[in-house]
2 protein chains.
Amino acid sequence: MKKYVYLFGKGMTDGNASMKELLGGKGANLAEMANLGLPVPAGFTITTECCVEYFKNEGKNPDGLAEQIAEALNAVEKHMGMIYGDKENPLLVSCRSGARSSMHGMMETVLNVGLSSATIPGLINRTNNERFVYDAYRRLIMMYSDVVMEKAENIEPADGQGIRKQLDAILEEYKESKGYAADTDLNVDDLKYLCDVFKKKIVEVLGKEFPDDAVAQLNGAIGAVFKSWNGKKAVSYRRIEGIPDDWGTAVNVQSMIFGNMGDSSATGVAFTRNPATGDNKFYGEWLVNAQGEDVVAGTRTPNPLNDETKNEQNKHLASMQEMLPEIYAELVGIRNALENHFRDMLDIEFTIQEKKLFMLQCRVGKRTGTAALTMAMYMLEEGRITEAEAIMRISPNQLDELLHPILDPAAEKAMAANKFVEGLPAGPGGAVGKIVFTSEDAVKCQEQKISCILVREETNPEDVEGMRAANGILTARGGMTSHAALVCRGWGKCCIVGAGALKINETAKTVIAPNGKEYKEGDIISLNGTRGYAYEGAVATIDASENPRFQKFMALLDKYRSLGVRANADTPADALQAAKFGAEGIGLFRTEHMFYGTGAEKPLFALRKMILSSTVEERVAAVNELFPFVKKDIKATLKAMAGKPVTIRFLDPPLHEFIPHTKEQQQELADSIGITLEDLQKRAEVLKESNPMMGHRGVRLGITYPEISAMQARAILESVVELREEGLYCPAEMMIPVVCDPNELKHQKAIISKVAEEVKAKYDVMDLDYMVGTMIEIPRAAIRAGYIAEEAEFFSFGTNDLTQMTFGFSRDDIGGFIGDYLRKSVLDADPFQTIDKDGVGWLIEHAVTEGRKTRKKLKAGICGEQGGEPKSVAFCHKVGLNYVSCSPFRVPIARLAAAQAAIMLGK
Amino acid sequence: MKKYVYLFGKGMTDGNASMKELLGGKGANLAEMANLGLPVPAGFTITTECCVEYFKNEGKNPDGLAEQIAEALNAVEKHMGMIYGDKENPLLVSCRSGARSSMHGMMETVLNVGLSSATIPGLINRTNNERFVYDAYRRLIMMYSDVVMEKAENIEPADGQGIRKQLDAILEEYKESKGYAADTDLNVDDLKYLCDVFKKKIVEVLGKEFPDDAVAQLNGAIGAVFKSWNGKKAVSYRRIEGIPDDWGTAVNVQSMIFGNMGDSSATGVAFTRNPATGDNKFYGEWLVNAQGEDVVAGTRTPNPLNDETKNEQNKHLASMQEMLPEIYAELVGIRNALENHFRDMLDIEFTIQEKKLFMLQCRVGKRTGTAALTMAMYMLEEGRITEAEAIMRISPNQLDELLHPILDPAAEKAMAANKFVEGLPAGPGGAVGKIVFTSEDAVKCQEQKISCILVREETNPEDVEGMRAANGILTARGGMTSHAALVCRGWGKCCIVGAGALKINETAKTVIAPNGKEYKEGDIISLNGTRGYAYEGAVATIDASENPRFQKFMALLDKYRSLGVRANADTPADALQAAKFGAEGIGLFRTEHMFYGTGAEKPLFALRKMILSSTVEERVAAVNELFPFVKKDIKATLKAMAGKPVTIRFLDPPLHEFIPHTKEQQQELADSIGITLEDLQKRAEVLKESNPMMGHRGVRLGITYPEISAMQARAILESVVELREEGLYCPAEMMIPVVCDPNELKHQKAIISKVAEEVKAKYDVMDLDYMVGTMIEIPRAAIRAGYIAEEAEFFSFGTNDLTQMTFGFSRDDIGGFIGDYLRKSVLDADPFQTIDKDGVGWLIEHAVTEGRKTRKKLKAGICGEQGGEPKSVAFCHKVGLNYVSCSPFRVPIARLAAAQAAIMLGK
């Protein structure tokens, strides 16, 4: 019989911290804490394997589970000296989810399980606290009906009003009728009355009785936790975080400890170091006479744990350090023991029941990018961790966060009068955007590439997609450990929570500031997520990579990585930016990009003339006109990167992209070529293509119009010679795009060689250094790589196009189906974001292998957008590419990903 | 030292017929004839290897060649008893090209080489025929200046008037001034005068003297033949015929024999059997007092060789059988000897010099498809060749010709009064089209898919592309062995030559019939190429596969081939046609094709409703409306093919293809859906794609709209059950298109399984036979084939799309560059016509191999348009596909190609 149930508790623990896959993170760490001798309430963990079998069996428990649970419960009862479902001395338990990887608030928890008409009198008798018992009972009824009876049964509330909302409304109405301000004002009779009303409502709405039986409750709760693994929000979260669907969750059944047994009880969460800054200071929040859900739910602003946790919002509230100094000292001792043991910053949950401290959970704490960097470098300095460990401690997303903008302090000071509210600094950095009030609107803004700030009373797990889409988040409720705060910290997204002074009307889509000013949807505001300040209007932003440890950390990366990192840059300015971020060269300079945007009218005009030429003579004239512009840009870029290689891609895009659209521009162009407007329009018509992505572009232009290739070769080679005369060595790599056959390269190389001879003659030089290589972006090029390497001195994988052709997915058109593909698990990830290892990656590996059979020292890199995506970088390291090339801002991330890949996979 | 020069001649021959690669076809066969003891004038062949080296050396002869030529010439001199360049007894030679594969008229020949002021007197003395010598001299001057001094030097005539045309004009003018009708009217003085004028003109136009030195002449002529290998027309011909550029040509230097030494001399060409019908009758044409070029050039209508060669056009001219019975008898003897030796129909050239017969050439003769079939089956019956040889004797193109239309005899009879001219029946079949007068116009018509008939005074090698493009060819001049006749016979194209009664004005673009009626460009005419009749207007056509030997031959093929042949058919009518041509099933039934064309308004309307639905409800309603139409077509097709497998492809094309374009249609559609016109247009706008070929199509539609897949599955499965109830077994294969990942198939199979259960329940049946497979048309599908085969029961390679994605070539857009790619030899062939073995073929082979590792009995076929292209069929055989599927008319060709592949490569 397979072991599905693992005990934990002092002296009776089956598991340990290394068993996360089987026991989930929470279960494994509970076991580890118990092994360390910390005060963990006894309980047991039902394994993730059991969850997987549960789904395989279409929702039936595997054989033997019931017996194992009964046995474990028996052990826990003995340990706690209480009996589950007993009339005299009843044990209550919590049922919590716990996957391998933390999924904050995405799955379900049920507390106080085991309370029924049979056990209530005994518990009242034992606790001598009738109010506490009925408060626990009404909580159980509310949670259980929601989680077990409704959600787990996949009941869709008819009007969107789930049972929980209906019970909440009854509670609020009742409090109002009685004139109560807080839940704590409810007395025993109130609670008894409410429990009865709740139970009737449940029958009315769900057509079933709330179970008045401890065993039925426990089984229901365990099943509901399993089912919550496939709940809508959990699935959506896994999709975003890339967590596999087949991991399953464990269920932790643990003896209940009550933080709500009066003023000598409390509950809290804490981080062993500051999760926002990384400072080595114990940091937490707590609430007296409360259960854990009260702290996390964000419905009450919690008290600070200690002096170091005090801030503008909570400094008037009593800290635990002040109120319960002895217990606080015990907690500090536990904090130190845990940090020494785990060698990392931990996020802990504790409960105090009538002055006795219990540890309910510990896990590696989420942190901001700044904090991650600071902690890693501190711990490295302290000798606590190795260099490689320090590198592994910062995720690429956290590093990305450091590169994100913050509000410019000067601009912020100047606009101080615009500050309309303060809240808790829950997510770092700065954000500027239009106000939106719903997750849907945030997603719409993102689709339209409009920056937005999501303003909400509070966020909940249903909001994750909108939170992801928004540039910043501002909530009126919640603390530093509220849903919004945890999620944003994980993503490094700018976020302010608990700005309670705001009056938000989500229906009218307005928010009223403390000064009475009203902001509407679409108004622009700015957030400083590092300080918790919100401003009316747009505050200028600057970049945040000035952390003093940043450069040290980056240098460390370069020591460990073997993969080169270059940047894609199309202008001298971009090239300088890239060099600043540590790029070791330019992996992709796109000749045609100088023609985009404003201020490029003259070269664009010449380009258009070239495109619409219909004879070689016309074309040569236009090409000659274009030459000085092309040369100027190329030369400046080579100069900016002097000493480092620059890969210049020959003209690539479908020509029709450059055809002028207005009649005036067309007329002007026609005049300059000396043809009529009608003729020009006819020529333009001919250039239109059904599938331009697979049309007359790249090397195909060079084959039909050799003069265009010659012009580009001349611009590059003359620049190289002239810079050499200035004493600068500029290794230029000419890259031919859209190649599918070695003959194309042969043809272009012949043109380049001829130009090279002409340039040598013109400048009277003997030699001329340059390389000619190719993009591998057409499947056939990857297939024929062994032959192409006979001609090409380097390969650069153009994974954007390669992905398009390999999948037959037009990047511009996948909107119609990619959502369904991800939702229906047809694909694991959008292949334009992460290299598809199975198809595109297979071609890359094949091409590198075959190419190097032909040319042993073939240089190979990647210049598609995935070049800055960590998983793709790891893949590039694995298949032996020489470098990745990505946008300048992604260069540090690529350096980190490359170092981590080298550590994980070997150099 | 490499041997570059091979002698031939009685008792001194170095080569034989098996050495075609080295000696070219002509050289090898001259050697073989000499070995057989036939009267071959002595000479030598310079090898194709020498030609290849000549081009490698940039136009320089390889070392040692001069010495080997001198030695060989010496041997020939001894054999002939004459000395090259000698004053007393000069030997003259011809220099002719001769590639491995015959390239009629595409390369150059120079005759009478060796005549100079030094040798002329001696030759006059020896022949006692001054007129003959000067006639030979003026021919040499005309040919040499054209071929050696102009073309081989790549001199582009300034006004398009080459030296040859200018000399021709002088000749014509002179004859007119003298009142001469024919060249034979020129006397010695005329010829002497003309030679002088020609030589002056040459200096004037080309700036160089005609060489008055025998050795210089020989070297020049040899070099010119080499160079003609890379002449424009030769390159263009090779491109069309698929002959590799690196074969090179041999040069045959042969002692001159003169058919123009008066009335006891003659020259002729003959076929050992009738090349048009295949009848076992000696067939040829000859001219008294002429050189070979006169027969082939088509400038004189030649005499019939014998009674059997007589026809309406030449029956008044004397046959050789009548005029020179003894020599004719000798020729018949040679004919029999050659046929016995070569076991095939031969094309021979002979010359009679003063009553002595010499063989100048023999080669396997070109023939019509009808002739090829008749000869092969005859020779098989005679026991001369084996079944396999008979199969190899007919090229797929020749078979194609048999399948091409002929004029419907009844219609032709009814329109007899429309006949406006008769000519020689040079190319088989019937053709109807608009008159064009230039090759360029013919090409334009083809591009616009307009049928055309190319009408010309005579054709020349510059016209090949236009001849290829035209549906039929009609010329006023030339015989059955003229350029037009030879080329058209090779292609199986309808052609009439020698319709001398026509007055063609190529400048005015008019043609006047004998009855005075004038036809202009664009007028429609019809040709019967089998009889040589041309008609005004369009005569109905029918198909010509009724040859009595056709069915016998086709049955023979099926005995030899192992590759299955299916057809692509989209309607029950197509399916019946396909079955008639021997299709063993339907390899591709495209559901959406029922919506194209007229008479399909109702289902098209329902389809459009489905496409423009924006909710599941709307879509389900439209799908239900569509269902009966889809089921009706599918059921009828399955019934038509009962007992044979039918592969039904699920809906594939980008949806926007079906959106109505007119406002009326849009309004009607909007009304029927119950939305406004604006809404409809908005929905249509959303469906537009940048690259529809890589957009929302194929299985992607099935993933986003499962109800569409379900409807198709239901239509198929209900049809299968209902037909089974009629006692018909209809194996249906459901094919999911545009698949790139096994998960897509999994998803669709789940839908199909569910429908299958519903259908079983509806009809109360226990089992339901069907297969589910996939198109492999996306590179990733080929790469992941091993995994896809876990889900797919069969693969069908969609090589149209696979070629698009593998090359990144949009089939609709390659017009802009494919021409340059072929002209500049970047690609050998258009990959949409012949499977690209290196890229697309590599993927196919990979997919078959990987697929069969997973599923040993995986059925694999091809349904792209290359499925009926012989080289591609051979490839499919080689990589082990189970079947090819092509358009019904290509089925017999695929059967032939499959049989030939099995014979060549083994079953």
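Model, not experiment: these values are computed from the prediction.

K.L.:
What should I look at first to understand the interface of chain B and chain A in this one?
P.N.:
Many structure descriptions define interface size as the accessible area lost when the parts assemble. With 46 residues of chain B in contact, the opposing surface of chain A contributes 46 residues. Across the chain B/chain A interface, buried area totals approximately 4,000 Å², and carbon plus sulfur atoms make up 60% of it. Counting the contacts that link chain B with chain A gives 4 salt bridges. Where chain B packs against chain A, one counts 27 residue pairs in polar contact (both at pLDDT 80 or more). When residues in the side of chain B that touches chain A are grouped by element, the largest group, 5 residues, is from helix 33 (residues 837-854) of chain B. The class makeup of the residues in the side of chain B that touches chain A is 19 nonpolar, 15 polar and 12 charged.

K.L.:
Help me understand the nonpolar core, please; the structure alone is not making it clear to me.
P.N.:
Among soluble globular proteins, nonpolar side chains are generally buried collectively. The biggest cluster of nonpolar side chains holds 273 residues, and the ones touching the most others in it are Phe797 of chain A together with Phe797 of chain B. With 67 residues, the next largest nonpolar core counts Ala72, Leu123, Leu191 and Val253 of chain B among its residues.

K.L.:
How should the relation of the copies chain B and chain A be read in this particular structure?
P.N.:
In this arrangement, two copies of a chain are superimposed by a rotation about an axis accompanied by a shift along the axis. Taken as rigid bodies, chain B and chain A are interconverted by a rotation of 180° and an axial shift of 0.1 Å, the fit giving an RMSD of 0.2 Å. The superposition of one copy onto the other is thereby described by a two-fold rotation axis. Among all residues of chain B, the minimum C-alpha distance to the rotation axis is found for asparagine 691 of chain B, at 2.0 Å. In this assembly, 100% of the residues forming the interface of chain B have copies in chain A that are likewise at the interface, indicating an isologous arrangement.

K.L.:
Please explain the pattern of salt bridges as it appears in this structure.
P.N.:
Working definition: two side chains of opposite charge can pair if their charged atoms are close together. All names here are of chain A. Applying the stated criterion to the full structure yields 132 salt bridges over all chains. The salt bridge involving arginine 477 is made with glutamate 458; its shortest N-O contact spans 3.9 Å. Placement of the pair is arginine 477 in the loop between strand 18 (472-475) and helix 19 (483-491) and glutamate 458 in the loop between strand 17 (452-456) and helix 18 (464-469), with a sequence separation of 19 residues. The partly exposed category is assigned to arginine 477, whose relative accessible area is 33%. Assessed through its relative accessible area of 28%, glutamate 458 is described here as partly exposed. Counted as one network, the salt bridges with shared partners bring together Asp135, Arg138, Arg139, Glu172, Lys175 and Asp183.

K.L.:
For this particular structure, what's the right way to read the pairing of strand 12 (residues 356-364) of chain A?
P.N.:
Side chains on a regular strand alternate between the two faces of the sheet. Residues and elements named next belong to chain A. The buried fraction of strand 12 amounts to 7 of the 9 residues, a majority that puts the element mostly inside the structure. In this sheet, strand 12 lies alongside strand 11 (residues 346-353) in antiparallel orientation, the contact comprising 8 bridges. Bridging across to strand 12, phenylalanine 350 finds its partner in methionine 359. Two successive antiparallel strands, strand 11 and strand 12, enclose a turn made up of 2 residues, where glutamate 354 displays a positive phi of approximately 45°.

K.L.:
Just checking my understanding: could you explain the sheet that holds strand 22 (residues 518-520) of chain B for this structure?
P.N.:
All names here are of chain B. Spatially, the 3 strands line up as an open sheet ordered 20-21-22, and their pairing is antiparallel. Of all strands in the sheet, those bounded by a partner on one side alone are strand 20 (503-505) and strand 22. The sheet shows a mean angle of 15° between the axes of neighbouring strands, direction not considered. Relative to strand 22, strand 21 (residues 510-512) runs antiparallel, the two being bridged by 3 bridges. Bridging across to strand 22, threonine 510 finds its partner in lysine 520.

K.L.:
Before we go on, may I ask you to explain helix 7 (residues 188-206) of chain B in this structure?
P.N.:
Working note: α-helix, 3.6 residues per turn, so residues spaced by three or four point in the same direction. Residue and element names in this part refer to chain B. Here helix 7 spans 26 Å end to end across 19 residues, near enough to the 27 Å set by a 1.5 Å rise per residue. Among the residues making up helix 7, those that are buried are Val188, Asp190, Leu191, Leu194, Cys195, Phe198, Lys201, Ile202 and Leu206. Projected down its long axis, helix 7 carries its buried residues within an arc of 140°, all on one side. Exposed residues lying more than 90 degrees from the buried face of helix 7 are Asp189, Lys200 and Glu204. Considering only its buried residues, helix 7 is in contact with helix 5 (130-150) and helix 6 (163-178).

K.L.:
Quick question: what am I supposed to make of the pairing of strand 16 (residues 430-436) of chain B here?
P.N.:
Residues and elements named next belong to chain B. Burial of strand 16 is extensive: 5 of the 7 residues sit out of reach of the surface. As paired strands, strand 16 and strand 23 (residues 524-528) are joined by 5 bridges and run antiparallel to one another. In the sheet register, glycine 433 faces strand 23, and the bridge partner there is isoleucine 525. Relative to strand 17 (residues 452-456), strand 16 runs parallel, the two sharing 3 bridges. Pairing of isoleucine 435 across the sheet is with isoleucine 453, part of strand 17. Handedness of the crossover joining strand 16 and strand 17 through helix 17 (residues 439-447): right-handed.

K.L.:
Got a minute to help me understand the sheet that holds strand 6 (residues 109-113) of chain B in this structure?
P.N.:
Within a sheet, each strand pairs with its neighbour through backbone hydrogen bonds, oriented either parallel or antiparallel. Residue and element names in this part refer to chain B. Sheet architecture is open: 5 strands sit in the order 1-2-7-5-6, paired in antiparallel fashion. Edge positions in the open sheet fall to strand 1 (5-8) and strand 6, since each of these has one partner strand only. Averaged over all pairs of adjacent strands, the angle between strand axes in this sheet comes to 20°, irrespective of strand direction. Of the pairings in the sheet, the one linking strand 5 (residues 93-99) to strand 6 comprises 3 bridges and is antiparallel in character. Bridge pairing in strand 6 links cysteine 95 to valine 110.

K.L.:
Help me out: how do you make sense of a nonpolar patch on the surface in this one?
P.N.:
Residues and elements named next belong to chain A. On the surface, a nonpolar cluster with roughly 300 Å² of combined accessible area is contributed by Met392, Met904 and Leu905. On the secondary structure map, methionine 392 appears in helix 14 (residues 387-392). Using a relative accessible area of 32% as the deciding quantity, one classes methionine 392 as partly exposed.

K.L.:
Help me understand the confidence of the model for chain A, please; the structure alone is not making it clear to me.
P.N.:
For residues with low pLDDT, the predicted coordinates do not support detailed interpretation. Of all residues in chain A, 98% attain a pLDDT of 70 or more, and the chain-wide mean is 90. Among the prediction metrics, the complex's ipTM stands at 0.77, with pTM recorded as 0.79.

K.L.:
Is there a simple way to think about the packing of helix 34 (residues 870-878) of chain B against helix 35 (residues 891-905) of chain B in this case?
P.N.:
Each pair of packed helices gets described by two things: the angle between the helix axes and the distance between those axes. All names here are of chain B. At a closest axis distance of 8 Å, the pairing of helix 34 and helix 35 adopts a crossing angle of 50°. Classified by the angle their axes make, helix 34 and helix 35 are oblique. Relative to helix 35, the crossing made by helix 34 is right-handed. Note on element contacts: helix 35 touches helix 34 through Ile893, Ala894, Ala897, Ala898, Ala901, Ala902 and Leu905, opposite Pro870, Val873, Ala874, His877 and Lys878. Counted by class, the contact of helix 34 with helix 35 contains 10 nonpolar, 1 polar and 1 charged residues.

K.L.:
Would you mind going over the environment of arginine 619 of chain A with me for this structure?
P.N.:
Residues and elements named next belong to chain A. With respect to the element layout, arginine 619 can be found in helix 23 (residues 616-640). Under the relative-accessibility criterion, arginine 619 is labelled buried at 6%. Between the C-alpha atoms of arginine 619 and alanine 181, which are 438 residues apart in sequence, the distance is 81 Å. Excluding its chain neighbours within four sequence positions, the residues that come into contact with arginine 619 are Met610, Ser613, Ser614, Tyr705, Glu707 and Ile708.

Rules used in this analysis
Residues numbered from 1 in each chain as written. Chains lettered and ligands numbered in written order. Predicted model: local features only at pLDDT ≥ 70, side-chain atom pairs only at ≥ 80, totals over all residues. Heavy atoms only, no water. Contact = heavy atoms within 4.5 Å. Buried area = accessible area lost by both parts, 1.4 Å probe. Salt bridge = Lys/Arg side-chain N within 4 Å of Asp/Glu carboxyl O. Polar contact = N/O pair within 3.5 Å; in protein donor to acceptor, adjacent residues only side chain to side chain. Helix = DSSP H or I, 4+ residues; strand = E, 2+ residues; numbered from the N terminus. Nonpolar A, V, L, I, M, F, W, Y, C, P; charged D, E, K, R; others polar. Core = buried A, V, L, I, M, F, W, Y, C linked by side-chain atoms within 4.5 Å. Buried < 20%, exposed > 50% of the residue type's maximum accessible area, 1.4 Å probe, protein only. Least-squares fit on C-alpha atoms with pLDDT ≥ 70 in both. Pairing = 2+ DSSP bridges. Axes fitted to C-alpha atoms, helices over the stretch in contact; angles between N-to-C directions. Expected span 1.5 Å × (residues − 1). Arc of directions from axis to C-beta. Right-handed = clockwise from strand over helix to strand, strands pointing away. Patch = residues over 30% accessible without salt bridge, like charges linked within 9 Å, V, L, I, M, F, W, Y side chains within 5 Å. Areas by Shrake-Rupley, 256 points an atom, 1.4 Å probe, with all protein chains shown as cover. pLDDT = per-residue confidence, 0-100. Parallel < 35°, antiparallel > 145°, perpendicular 65-115°, else oblique. Left-handed = near helix turned anticlockwise from the far one by under 90°.

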